[in-house]
Amino acid sequence: MTTASPAAPLYLDTSAVLRAVLESGTTPDVESRIRAAPVLVTSRLSLVESTRAVLRVRMLGDVSEQRLAVAEHEIEAVWMRCEIWELTRAVCDLARQVAPTKVLRTLDALHLATFLLARRKLEGLELVSVDARLVEAAGSP
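### What to know about the nonpolar core
Thought 1: Ranked by size, the top nonpolar core spans 22 residues in total, and within it V98, L104, L112 and F115 carry the most contacts.
Thought 2: With near-sequence residues (within four places) excluded, F115 lies in contact with Y11, L125, E126 and L127.

Take a look at the structure:
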């Protein structure tokens, strides 16, 4: 996760929201930052990723349907607070070029590109992720 500033606008990677909701209590710093943030931003990609993740958990059958329904509601509540950035041509073009010396998966490159473009418009925007590769790539020149 990037350096924390109190009340900074936050870009939420899907991993941070899933961890905060599905594994509540394991990342208290992430959870409190999400609750306190005045502005939240994410990519449209996050909505797809989170829905697919919940579907995978449901298919495994390890979590009760009641708990999954609560989790879906909580995840949706976070997304409702977010400014959703679309997967535009600019995002995709930047994702092709971003962090060329880092091992970064495609979806993470799309998140990083969206974060970098959003940060140009939102002063002080910070990335919140529990994905070490994404955090490392965000900190690279």
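### Description of the packing of helix 3 (residues 44-60) against helix 4 (residues 65-81)
Thought 1: Relative orientation of the contacting elements helix 3 and helix 4 amounts to 175°, with a least axis distance of 11 Å. Looking at the two axes, helix 3 sits roughly antiparallel to helix 4. The residues of helix 4 that touch helix 3, namely those facing S46, L47, S50, V54, V57 and R58, are E65, L68, E72, I75 and W79.
Thought 2: Grouping the constituent residues of the contact of helix 3 with helix 4 by class yields 6 nonpolar, 2 polar and 3 charged.

### A word on helix 2 (residues 28-36)
Thought 1: Taken residue by residue, helix 2 has V30, E31, R33 and I34 as its buried positions. Along the axis of helix 2, the buried positions cluster into a sector of 165°, meaning they face one direction only. Opposite the packed face of helix 2, turned more than 90 degrees from it, sit the exposed residues P28, R35 and A36.
Thought 2: The inward-facing, buried residues of helix 2 abut strand 1 (10-12), helix 1 (14-22), strand 2 (40-43), helix 4 and strand 4 (126-128).

What counts and how
Residues numbered from 1 in each chain as written. Predicted model: local features only at pLDDT ≥ 70, side-chain atom pairs only at ≥ 80, totals over all residues. Heavy atoms only, no water. Core = buried A, V, L, I, M, F, W, Y, C linked by side-chain atoms within 4.5 Å. Buried < 20%, exposed > 50% of the residue type's maximum accessible area, 1.4 Å probe, protein only. Contact = heavy atoms within 4.5 Å. Axes fitted to C-alpha atoms, helices over the stretch in contact; angles between N-to-C directions. Helix = DSSP H or I, 4+ residues; strand = E, 2+ residues; numbered from the N terminus. Parallel < 35°, antiparallel > 145°, perpendicular 65-115°, else oblique. Nonpolar A, V, L, I, M, F, W, Y, C, P; charged D, E, K, R; others polar. Arc of directions from axis to C-beta.

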